[in-house]
Amino acid sequence: MIKIFISGNKKVSTAMAILIFVLSAAVFAEVPDVDWPVTSDPTEQQLENGIKELSGLVARLEAAGLDASYVRSALTVAENFAGYAREDEKNGKPGRAAYVRGYLADSIEAALEEGRALLADPSLDRPVPDPSLRDIEIRDGAFFAGGEMVMFGGVGHFGQVRKDIPQMHNYGFNIIQIEIGPSSVVKGPEPGDIDTSRIMEDIIVQLDRAAEHNVMINLLLSPHYFPKWALEKYPGLGDCEKGFLKYCTSDPRARDVIRRFLDVIIPMIKDKPALHSYTLANEPIFDEKTPITKSLFSDWLAAKYGDIGRLNKTWGKKFKNFEKASDVNEDLLSLTPAARLDWSLFHNTVGTGFFRFMKETIRKHDPDTPVHIKFMDNMFDHWEALCGLDREVLGSITDISGNDSAVSYRPEGEYRLDNRRNAAFFDYLKSVRPDLPVFNSENHIIGDDSPVFYPAEFIYASLMLQYLHGMGASTIWVWERSDNASLGNNILSRPNCAAAAARATLDARRLAREITAISNAEPKLGIYLSRTVRGLQIDFVERWKPAYEIALYQGRRLRFITDRTLENLDPATLGALIIPEYLFTSNEMYRRIVEYVRRGGNVIAIGDLFGMNERGRQRKDGRWAELECGAVRGPDDGCVRVIKPFDSAEERDGALLEMSAAIEEEFKVEKPLLIITGESGRPVRGVEYRSAEFEGGGIGYVFNATAESVTLKLRTADGGEVESEDLLGRKKIGGTLRLAPLELVMFRF
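Residues numbered from 1 in each chain as written. Predicted model: local features only at pLDDT ≥ 70, side-chain atom pairs only at ≥ 80, totals over all residues. Heavy atoms only, no water.

K.L.:
An account of helix H3 (residues 69-90) is needed here, citing residue identities and associated values.
P.N.:
In this model, H3 (22 residues) spans 32 Å end to end at C-alpha, consistent with the 32 Å of a helix rising 1.5 Å per residue. A large share of H3 lies buried, amounting to 16 of its 22 residues. (Helix = DSSP H or I, 4+ residues; strand = E, 2+ residues; numbered from the N terminus. Expected span 1.5 Å × (residues − 1). Buried < 20%, exposed > 50% of the residue type's maximum accessible area, 1.4 Å probe, protein only.)

Structure representation (structure tokens):
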């Protein structure tokens, strides 16, 4: 996002509120024109005639009592993008305009064919549930409206999305995200320095318009839009700069500004029927080394160590007291692993405290509306260990598992769609709070300003895979008619992508129960994600990511095991625990791992583990190497299977087979209901599949992330044959299945 401050006390008109994010082209350079594939060259009249015919077909479908959702969505794309093509031509983008017109000609013809087929054969009707979106409940890992499970899908976040509220339902979308921050409301330090015009003329207006059109709004409360007057008035308040938050959130003066903002806005909007949820912050990270936090850190260290001598022994230092030890700096954190770990664990309480404060303030006025946080997926990066976020604890504070993450398109390379980090983040969130749906409220499925052509199949699969990993709501970045920096070539410049996103949303709404059955399936395979290791090991992500990649293609839902859950983890609940190539861990976490194995846990270890302790010294303890489950650690061990570290494509293929053998043959982990292999009978890296029980049978999906078509063999866990039909595209599903790159199928069996 780009920060915008509105200064002064001048009232903001409704028109200005709607256009608030339209920035001056003189400030940001525009993206150049593109060279995307042009399949035909229709005239304006031909497009107009096609749109008119399609509109008539929608009316005929509705008159016949058939669901016109999919055809209406195609019509809405055509109606809007025909105008966008004219804009592009006028604004010096003839290449993009030509692509848009060519696509629209083809898509109109395809929609006409789909609608005519439905009229001729009403058995093809696939109704999309459209309940009144009021009184939303959260239970069983999903959203419900009027007792009916519902998936949310839509777009964000600025001017155009407000303008298009009346059209969202016709596209197939049912939620948007907009934002407002304290700088728009809290204009000075005195109680009377409050301006509600932006709330009245923008936020409330949009909530009322959304209610009229059965669309919901997630409101981002944007604490990063912090008033300039406060930073100027209060010395030291701006000393904590990290990411979007440019002030010290632990400072009572900062919290007073946030409290005053929430005390005004929440009572004004809390009863609006279109209000879906509050997002507490955008992409938060923290770096607060202030007198306030250092004093709290001193107390934290005293509580942990009791005696300064114990701290000095652990840190390898000679501090006179805890106050001296708490005066952290970058050299200390970089060169002293134990100090870095302690500061990381303490500093996590900064973010937790700030968001607990925000929620408690909201709950004084609004006891019901769900809250969540727009976390990035940097939880897998070593550097973020110092950024004050404990997603596990915050998961117990929030009511929805918030998220801000991306799926990457790779025109070159072995994977066309790379969702490894995104899928892992969703799997983690569902592991921490399996009872909550995930909301990706800044869903990056197209690169900012990218000139690359994104195929519709990628957009569709990116969204559907997120739903299948636990997403219950999504707002795509970004729905804006702009070519300014960071907004260029977005989804509203790409009709194929807009149409694919709308179709994915319609499919997710139609198949909400089936999708949720898969994302709620009980996981029998675990993977250890240790914040302790992350705080100590610089190459943490390079060690963790390959292990997750190989686990992702084992056909099983994954459960992330954390340092906290490891303490009382029942080995009977997991068939095997995968531990990536972690070199470092603390003595306490080392003890927990050893005890887990001794209680009967099975481990698949990548490489040689835990050779170093939190002091950065070689671990001399031999318990890990001498576990009472076999004479040696290795292939013949009864409880620990070691897989050699892997890097190249060939090595990863080998590791996939080794892990599969350990799961199936050595540890005999409960088989998934659906088993999919290549023609050789072995698992295929890049082919993702999962399954679950559903209404007395099974439900499953298969996706090909690779750059090549694959031929697969399908069977049930008991060896039975699979004969079904794809619920997404009506493709026949049998014992042998051919999948093109980016192709996703979902079926009952």
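On we go from here.
K.L.:
How would you summarise the sheet that holds strand E5 (residues 175-179) if you had to cite specific residues and measurements?
P.N.:
The eight strands lie next to each other as E8-E7-E6-E5-E4-E13-E12-E9, forming an open sheet whose pairing is parallel. Looking at which strands have only one partner, the edges of the open sheet turn out to be strand E8 (371-374) and strand E9 (401-403). In this sheet, adjacent strand axes meet at a mean angle of 25° when their direction is disregarded. With three bridges connecting them, strand E7 (residues 275-282) and E8 associate as parallel partners. Paired with Asn282 across the two strands is Lys374, which belongs to E8. Across the sheet, helix H17 (residues 456-468) lies against strand E12 (438-443) and strand E13 (471-476), angled at about 150° from E13, the strand it touches most. (Pairing = 2+ DSSP bridges. Axes fitted to C-alpha atoms, helices over the stretch in contact; angles between N-to-C directions. Contact = heavy atoms within 4.5 Å.)

K.L.:
Before we move on, can you summarise helix H9 (residues 252-269) with the specific residues and values?
P.N.:
For H9, with 18 residues, the first-to-last C-alpha span of 26 Å sits near the 26 Å given by 1.5 Å per residue. Within H9, burial applies to Ala254, Val257, Ile258, Arg260, Phe261, Leu262, Val264, Ile265, Ile266 and Ile269. On its buried face, H9 sits against helix H7 (197-212), strand E6 (216-220), helix H8 (228-233), E7 and helix H14 (337-363). Capping the start of H9, Asp251 holds a side-chain oxygen 2.8 Å from the backbone nitrogen of Arg253, two or three residues further along. (Polar contact = N/O pair within 3.5 Å; in protein donor to acceptor, adjacent residues only side chain to side chain.)

K.L.:
I'd love a proper account of the nonpolar core, names of residues and values included.
P.N.:
Counting residues in hydrophobic clusters, the biggest one holds 192 residues, and the most contacted among them are Ile269, Phe355, Trp479, Trp544, Ile579, Trp624 and Met746. Discounting residues that sit within four places of it in the chain, Phe355 has contacts with Leu280, Ala281, Pro284, Phe286, Ile373, Leu389 and Leu394. (Core = buried A, V, L, I, M, F, W, Y, C linked by side-chain atoms within 4.5 Å.)

K.L.:
Give a detailed account of the sheet that holds strand E21 (residues 697-704), specifying residues and quantitative values.
P.N.:
Here we have three strands laid out as an open sheet, ordered E20-E21-E26, and antiparallel in their pairing. The open sheet has two edge strands with one neighbour each: strand E20 (687-694) and strand E26 (744-748). Across the sheet, the axes of successive neighbouring strands diverge by a mean angle of 10°, strand direction being ignored. The pairing of E21 with E26 spans five bridges and is classified as antiparallel.

K.L.:
Just give me the short version of the environment of Leu262, but keep the residues and values in it.
P.N.:
By secondary structure assignment, the location of Leu262 is in helix H9. By relative accessible area, Leu262 is classed as buried at 0%. Taking the C-alpha atoms as reference, Leu262 lies 42 Å from Ile308; in sequence the two are 46 residues apart.

Such coordinate-based values are descriptive only and should not be taken to indicate function.
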